[in-house]
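Residues per chain, in single letters:
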Amino acid sequence: IRTDVTFDTAMRAAQQAARSTAPRPIPIMKQQNFVSIFTELQRTGASPSLSLFLKLAWTLAARIGDLRQCRKGDFIFHENHITLTYRRGKGPSFRGPYTVPLSLEPSDVSRLRAHLTTLADDQPLFSTQCQEELARCLASHGFECRSVRKGRLTELALQGTTDADL
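This report concerns the structure included in the present document. (Residues numbered from 1 in each chain as written. Predicted model: local features only at pLDDT ≥ 70, side-chain atom pairs only at ≥ 80, totals over all residues. Heavy atoms only, no water.)

## As for the sheet that holds strand E3 (residues 98-102)
Two modes of strand pairing occur in sheets, parallel and antiparallel, and in both the strands are linked by backbone hydrogen bonds. Reading across from one edge, E1-E2-E3 is the order of the 3 strands in this open sheet, with antiparallel pairing throughout. Where the open sheet ends on each side, the last strands, each with one partner, are strand E1 (75-77) and E3. Going across the sheet, the axis of each strand differs from the next one's by a mean of 20°, ignoring polarity. Pairing between E1 and strand E2 (residues 82-86): 3 bridges, direction antiparallel. Opposite isoleucine 76, over in E2, you have threonine 83 as the bridge partner. Lying over the sheet, helix H6 (residues 106-117) contacts E1, E2 and E3, oriented at roughly 130° with respect to E1. (Pairing = 2+ DSSP bridges. Helix = DSSP H or I, 4+ residues; strand = E, 2+ residues; numbered from the N terminus. Axes fitted to C-alpha atoms, helices over the stretch in contact; angles between N-to-C directions. Contact = heavy atoms within 4.5 Å.)

Here is the structure:
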């Protein structure tokens, strides 16, 4: 196929276009945007797992896809906090499994516990349909799934969080 002149010409044109196309900037979600969207999800009676998904993603500054793929066994509940071990997704594929602390309000801890009890051991934390629904919700407010992580990391950096902790 490499000897085909048409293929070679098309490949060169695609490579040139990729080099000359500027990346599209990601809109950054701010704290007030998160609060507004989260409140709207709770007020409208959207799926409870959808608001939990957004809350966890914002709190953890997590990649939406990595968080969605977590399993019930990845959460360990301690006396005053929770740890989550990422084993699947883009982050763990580069760094290997890693553990992060998670601090939630008591009401959110009980929502998370209740959600985890509905899952089988090998079932992802959230379905792909839930991820798609979250993406549509964010898009309706002018954001992308990546906006959540980027916005939260920006907020944490502005609060003085060290690079190592980010």
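So, next bit.
## Focus: the pattern of salt bridges
One pass over the full model with this rule turns up 9 salt bridges. Notably, a salt bridge pairs aspartate 108 with lysine 55, separated by 3.1 Å at the nearest N-O pair. Linking aspartate 108 in helix H6 with lysine 55 in helix H3 (residues 48-60), this pair joins segments that are 53 residues apart in sequence. When sorted by exposure, aspartate 108 lands in the same class as lysine 55, which is buried. Between glutamate 144 and arginine 146 there is a salt bridge, and its shortest N-O distance comes to 3.0 Å. Residues participating in the shared-partner salt-bridge network are Arg24, Glu144 and Arg146. (Salt bridge = Lys/Arg side-chain N within 4 Å of Asp/Glu carboxyl O. Buried < 20%, exposed > 50% of the residue type's maximum accessible area, 1.4 Å probe, protein only.)

Note that every value here comes from positions in space, so none of it alone points to a role or purpose.
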